[in-house]
Amino acid sequence: MTRRSWTGWQFTGPFLAVFALVYLAPIIYSAYLSVFRTQLVGGTSFVGLENYTKAFSDPQFWEALTRVSLFLLIQVPIMLGLALLVALAIDSGRLYGTGFFRISIFLPYAVPSVVATLMAGFLYGVRFGLVGSINETFGLNIADPLGPDWILTTIGNVVTWQYIGYNMLILYSGLKVIDTSLYEAAAIDGAGEWRIIRAIKLPALRGPLVVAGIFSIVGSFQLFNEPQVLDSLAPNSITTYFTPNIYAYQLSFAGQQVNYSATIALIMGVATMIVAYAFQRRSMKGTL
Amino acid sequence: MNTTAAKKRSTTLTLITGLMVIYTLLPLVWLLLSSTKSQEDLLGSFGLWFGKDFALFENIADVFAYQDGIFGRWILNTLFYVVVGAGGATILAALAGYGLAKFDFVGRKAVFAVVLGGIAVPPTALAVPVFLMFAKMGLTDTPWAVIIPSLLSPFGLYLMWTYSTEAVPTEILESARVDGAGEFRTFFKLALPLLAPGLVTVLLFNLVATWNNFFIPLIMLKNADLYPLTLGLYSWNRQANTVGGDVVFDLVITGSLLTIIPLTVAFLFLQKYWQQGLAAGSVKQ
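Residues numbered from 1 in each chain as written. Chains lettered and ligands numbered in written order. Predicted model: local features only at pLDDT ≥ 70, side-chain atom pairs only at ≥ 80, totals over all residues.

### Let's talk about the overall build of chain B
Stage number 1. Helices and strands together make up the secondary structure of chain B, namely 13 helices and zero strands.
Stage number 2. Each principal axis of the C-alpha distribution contributes one length, and for chain B these read about 70 × 65 × 30 Å.
Stage number 3. The buried share of chain B, reckoned over its 285 residues, is 46%. (Helix = DSSP H or I, 4+ residues; strand = E, 2+ residues; numbered from the N terminus. Buried ≥ 20, exposed ≤ 12 C-beta atoms within 10 Å, placed from the backbone.)

Below, the structure is given as structure tokens:
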């Protein structure tokens, strides 16, 4: 038994070492940084929880947090809803060319977010994008998708484009593991396609939907790449505190406020975990 | 496969789902067409059709020639980060997943709880803290600053754990032990082949994560010679915003196309693996 025990640690050890180095240590180090303040004059001094009280009354932090929460509440249901519809359509067996649909809708997942955002920036740009072409050809004046009013919607569009296929695949896999004899039994009972979806397929998708939901919560709260890349194509639309992650990044790099930046990152990490955990608890209630 | 009689195909459903395909493929078609255009056509011709000149090969040559061929360097960097980072992450996840599934050791439950908690905290949440720590350790602006964070894949570990639990029968491990084979030898000779489909899936997803990595390289690297492709394209695009900067949108577009080709091809050819692998692992509750 003791020999087996040691072997188990040998197998998991390398992973745990990296885990400690890039997960645990930075968290501890950030927690340490977050209780200090560094000033050009006067050096570093212990300030207790001052950075935390500052964060909670910082309008820029709240604005960033509100923005990603809004993003989460609107973009994620749309994306998961569409992914669900596509997964059901592909699983129905009623499409011509099922394989083509599956791979075509999944493909954007292989595109780096930097490239996806650059493409969106060019496509939606009024300068030489499609919106520009359309405006020119039809003499229209469609609202600028990269302007301050529409930029969050455009980012939502880019994220939806990138991840719809990935989420579709998670849900589709959930449908594939359903025992097909259930469908036969339902068909004998005279159940139609919609009834089978409601009574068999949707309940089976609960787990996969929770998995997809958690990934999306994390993705929304940690939004960074898309707005960061768009910043160079639409500088007037992206503020230095557009999302919490951008704010933490800017504080560290442009602002030299390392202690406060660590505090923001830590708060967001904890907030993400709490929301993801609460979501999982709520949505799995009554099952198992 | 449905065991019931083949279902009637629906043209309406195919057309409606086709709208989604148009949505997903349109930007890629645009990218492909735009890569064939000269800078002049890029601005002057309709986005979804060819321009006057077919300049794809000139564009590719320009991409590789620009700034003393730094694009080639970025490709090599990306390959290096992907091979070491994604490859390493896959091996670590396989070892640990197998260890958690097949050995009942002291502290196993605690390891599991910590790692599962880790899935909810993505690397991006810790990017700034990791940077601050690496800066203190003098690791920033080195390849290690990019590689070390990408060695970790909690989700990969989770997949390998479910896979090991199901695909590797404990009996064959027991008989190998009776024959006196060492644990690591057993793992590599017996377990690994059985884990192959799961391993390919985890490798593919780690590949995507490292190939597409942007936030970590952005904060860690200053030296352009160490950039991966994503950061390189970002810097080319950003040039247009700096005073006196060279505007090279045509290079950004063709460079983007070259960047997405390898993964797209990998996904097209390895369909069997990522589809099966996900089905076997990610949906277990």
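Following the structure, the description resumes.
### Here we look at the environment of A:Ala278
Stage number 1. Its location among the elements puts A:Ala278 in helix α13 (residues 258-284).
Stage number 2. Distance in space between the C-alpha atoms of A:Ala278 and A:Ile214 is 10.0 Å, their sequence separation being 64 residues.

### So, the interface of chain A and chain B
Stage number 1. Contacts between chain A and chain B engage 85 residues on the former and 80 residues on the latter.
Stage number 2. With 21 residues, helix α1 (residues 2-33) of chain A is the largest single contributor of residues to the side of chain A that touches chain B.
Stage number 3. The residue inventory of the side of chain A that touches chain B, partitioned by class, reads 57 nonpolar, 24 polar and four charged. (Contact = placed C-beta atoms within 7 Å. Nonpolar A, V, L, I, M, F, W, Y, C, P; charged D, E, K, R; others polar.)

### Considering the UniProt feature "transmembrane region" (unreviewed entry) in chain B
Residue and element names in this part refer to chain B.
Stage number 1. Within this structure's numbering, the places UniProt gives as "transmembrane region" (unreviewed entry) are residues 12-33, 74-98, 110-132, 144-165, 186-208, 214-236 and 248-270.
Stage number 2. Secondary structure across residues 12-33 comprises 100% helix and 0% strand; the distance between its end C-alpha atoms is 30 Å.
Stage number 3. Measuring from the first to the last C-alpha atom of residues 144-165 gives 33 Å, for a span that is 86% helix and 0% strand. (UniProt positions renumbered as here; feature names shortened; annotations may be inferred.)

### A few points about the pairing of strand β2 (residues 43-46) of chain A
Residue and element names in this part refer to chain A.
Stage number 1. Two strands pair when backbone bridges link them, and strand β1 (residues 36-39) and β2 are joined in this way by four bridges, in the antiparallel orientation. Note on β2: the bridge partner recorded for threonine 38 is threonine 44.
Stage number 2. Between β1 and β2, which pair antiparallel and follow one another directly, the connecting turn spans three residues, one of which, glycine 42, has a positive phi of 105 degrees. (Pairing = 2+ DSSP bridges.)

### So, helix α5 (residues 127-137) of chain B
All names here are of chain B.
Stage number 1. In terms of burial, α5 is a largely internal element, eight of the 11 residues being buried.
Stage number 2. Within α5 the residues assigned to the buried category are Ala127, Val128, Pro129, Val130, Phe131, Leu132, Met133 and Phe134.
Stage number 3. Phi turns positive, to about 75 degrees, at glycine 138, one or two residues after α5.

### Let's talk about the UniProt feature "transmembrane region" (unreviewed entry) in chain A
Residues and elements named next belong to chain A.
Stage number 1. Taking the UniProt record as the reference, the feature "transmembrane region" (unreviewed entry) is found at residues 12-32, 68-91, 103-130, 150-172, 204-224 and 260-279.
Stage number 2. Between the C-alpha atoms that bound residues 12-32 the distance is 28 Å, and the span itself is 100% helix and 0% strand.
Stage number 3. Structurally, residues 260-279 comprises 100% helix and 0% strand, and the distance from its first C-alpha atom to its last is 28 Å.

### Digging into the nonpolar core
Stage number 1. Membership of the largest hydrophobic core comes to 165 residues, with the highest contact counts inside it found for A:Ala83, A:Ala87, A:Met168, A:Leu171, A:Ile264, B:Ala93 and B:Met160.
Stage number 2. Among all residues touching A:Ala87, those that are not within four sequence positions of it are A:Met168, A:Leu171, A:Tyr172 and A:Leu175. (Core = buried A, V, L, I, M, F, W, Y, C linked by C-beta atoms within 7 Å.)

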